[in-house]
Structure formats: structure tokens, C-alpha cells
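# Examining the three-dimensional arrangement
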Amino acid sequence: MSKFYLPSSTPASTTSPSPLHSPSVTTPTALRHLPSTSSPPQSYPSTPPIDSDAYSDDDLPYPTPLPRSAFLDPAFTPEKYLSSLRNRHQTLEDLRTELRDRVRELGKELVDLVNGEYEDLMGVGMQLTGGEEKVEGVRVGVLGFGREVEGLRAVVKGRKEEVGRLVGERRRVRGEVVLGRRLLEVGERVEELERRLGLKAGGEGEGQEEDEEDEDEEEDGLGKLKGNVRLYAQLMDLMERVGHHPFLDAQAARVKSVRDALLLDLGAALRLARRDANGQNTTLKVIGMYRDVGEAAEAVRILKGK
């Protein structure tokens, strides 16, 4: 068997460097083209030095002392005054301290003022000497004036009592005059009613004229009766205002006669009106007359036929 031999081959060399070899060092020429990483130094403006004399205590917002005139306002109130201090740069504790100091100052001023006035008063009192005679004269004059005043007071009191007595007497006399006039009027009313009702003879001419006037006033013929009723009602009113009086007691019999005669006339008029077929209106008028003299019960009795 023939042997075949392969030709030996030499390994090809490569151009890549071996990892065991160190990399090539860059030459300075190549470094010239690289950008520089270092920057030039920067400069900062210098701060001016602080002058300690540039600021003083006067430039600070210290509050001014509270003016005394603010407390002299008649309309001063603590709430209103404190509300006006809202723009004051001051703490509440400092404000309290200032107000307390102000109160202490005012108290001290008040004490000094009182002491000064007291010393002046004591000095004036010690300087006053003599004058006892003048004081005694003034005292005697005052006592005399007091006695005169007491005398005048007694006179005025007596005059006052006298005037009161005279005023009371005047009122009493005036009341008696009014009472006398009313009694005279009662007598006149009784006398007039007696004459109109035929209980007493009087002037016939005068009576006839009054009867004719009463008849002319009323078409239903009740004019005279209405006049008598009106006079009797006035008489009762006068007697009620006078009250109890001996004169009225003496006139009681005459007044009773007038009442009885008036009721007879009213009864006759009422019966006549009832018999008249068209006398309903007249009946109502007569019943009204009974009511005016306070004798409505008598009208009811007649209407019932009793």
C-alpha cells in the first residue's frame, strides 16, 4: 500500500494583535487633535464690606409712644382705641407694658398734684389769721335772716290757709247757688205741669196759646201730650240731680198729682188710638211716651185690658 503524505502547511499569520500584547501607545502628535477638558478659572464679583454705621436704631420701625391726647377724647373707648392700633409694629406684651407704665406715671402725677394742692391749702389756712369779728357779724346776720324767713313762712302759711278756706267757701256758695237754681226750676216745672194738666188755675190766655202751638206742631193731635211728657221727663231729671232735699219732700204730693194726671191723659190717648182702625202709628207714639216717663209697665197693663 502506498503511503500518501499531505504536505505540511505553515499556519497563516494574522494581522490582529495578540491579546497578550499591550496596546500601542498614542503618540503626542495624536494628542494634539483631542479637545482639552480643562476650563479657564472663573472670576466672581467681590461682596462689598458691610458698614456697621450705615444702619442705626432710628431706621428701625420702633413704635412711637402713645400720645396722651388720645386718652382725653370724651368719646374714648378701649375697644375703639385698640382697633386703631392695627398698623402699629408692636407686640401685645409690649403694648401692655407701655400702658402699665403710662398708668403708673398718671398715678404718680395725680399723687403729686393732690399733695401740691393740699400743701397750698394748708398754707392758705395757716396764713389766715384774725377776722373773728367779721365771721361773728356774718353769723349774726344769717341768724337774723333765718328768723325773718321763719316769720315770713308763718305769714305765708296763714295766708294759704285763709285762701283755702275762702276757696272752699266760694265752692260751697256756688254749689248752693246751683242747687237753688235747680230747686227753683223744679218748682217752675211742677207749676207749669199743673197748669197744663188743669190741676191749677192759671192764665187762660197763655194756656190757650200754648195748647194751640202744641196742636199745630203735631198733625195727630198729640202735640200737647208730648209737651207734657217732655216737661215731666225734665222734672224727673232735675229731681234726680238734686237728690234728697227737704224742698223736694215738700213737693212730693204735687209731683204725684202731676204724675197721676199725666198717666190718665196717656191712658186715654192709648185707648183712643187702639179703637181707631188706622191708629197703629199713634199707638206706637203713645207707647214711646210711656217709655220716656219711665212708665212702660203701665202701658203694658192698659194694652192687656186690665
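Each remark here, short or long, concerns the structure printed above.
Anyway, here's the lowdown on the structure attached to this text. From a predicted model like this one, the values you see are computed outputs, not experimental measurements. Here the residue numbers are simple positions, counted from 1 along each chain's written sequence. Residues qualify for local features only when their pLDDT is at least 70, as the model is predicted, and side-chain atom pairs are given and counted only at 80 or more; totals for whole chains, interfaces and linings, by contrast, use all residues. Computation of side-chain values covers all heavy atoms of the structure but excludes hydrogens and water.

## Side note on the packing of aromatic side chains
Heads up, the rule is: Only Phe, Tyr and Trp rings are paired, with Trp represented by its six-membered ring, and only when their centres lie within 6.5 Å; those with planes under 30 degrees apart are stacked, over 60 edge-to-face, the remainder tilted. When a residue's accessible area, from a 1.4 Å probe over protein chains only, is under 20% of the maximum for its type it is buried; when over 50% it is exposed; and in between it is partly exposed. Put simply, DSSP H or I for four residues or longer makes a helix, DSSP E for two residues or longer makes a strand, and each gets a number counted from the N terminus.
Inspection of the entire model under this criterion finds three aromatic pairs. Ring centres of phenylalanine 71 and phenylalanine 76 lie 5.4 Å apart, and the angle between their planes is 55°; on these two criteria the pair is classed as tilted. For phenylalanine 76, a relative accessible area of 29% translates into the label partly exposed. With 5.1 Å between their ring centres and 50° between their planes, phenylalanine 71 and tyrosine 81 make a pair best called tilted. Here phenylalanine 71 is found in the loop between helix H1 (28-31) and helix H2 (78-83), whereas its partner tyrosine 81 is found in helix H2, with 10 residues between them in sequence. By relative accessible area, which is 12% here, tyrosine 81 ends up buried. Site record: aromatic cluster; members linked through ring pairs are Phe71, Phe76 and Tyr81.

## With respect to a nonpolar patch on the surface
The cut-off we apply is this: What makes a patch is a set of residues exposed beyond 30% relative accessible area and free of salt bridges, joined within 9 Å when like-charged and within 5 Å when nonpolar (Val, Leu, Ile, Met, Phe, Trp, Tyr). We get accessible surface area from the Shrake-Rupley algorithm with a probe of 1.4 Å; when it comes to residues, only the shown protein chains can shield them. Each reported salt bridge corresponds to a side-chain nitrogen of Lys or Arg within 4 Å of a carboxyl oxygen of Asp or Glu.
Judged by side-chain polarity, Tyr118, Met122 and Met126 come together as a nonpolar surface patch covering roughly 360 Å² of accessible area. On the secondary structure map, methionine 126 appears in helix H3 (residues 92-127).

## A look at helix H6 (residues 223-242)
For clarity, the threshold we go by: Here a helix's expected span is defined as the number of its residues, less one, multiplied by 1.5 Å.
With 20 residues, H6 extends 29 Å from end C-alpha to end C-alpha; this agrees with the ideal 28 Å at 1.5 Å per step. Turning to H6, its buried residues are Gly223, Leu225, Gly227, Asn228, Val229, Leu231, Tyr232, Leu235, Leu238, Met239 and Val242. Positive backbone phi, at 85°, marks glycine 243, one or two positions downstream of H6.

## Brief notes about the pattern of salt bridges
Scanning all chains against the criterion turns up 15 salt bridges. The partner of glutamate 136 in a salt bridge is arginine 139, and the shortest N-O contact between them spans 2.4 Å. You can see glutamate 136 and its partner arginine 139 sitting in helix H4 (residues 132-196), three residues apart, about one turn around the helix. Two residues, glutamate 169 and arginine 172, come together in a salt bridge whose shortest N-O distance is 2.1 Å. Of the two residues, glutamate 169 and arginine 172 both sit in helix H4, three residues apart, roughly one turn of that helix. Given the relative accessible area of 37%, glutamate 169 is considered partly exposed. By sharing partners, the salt bridges in this structure join Lys256, Arg259, Asp260 and Glu295 into a single network.

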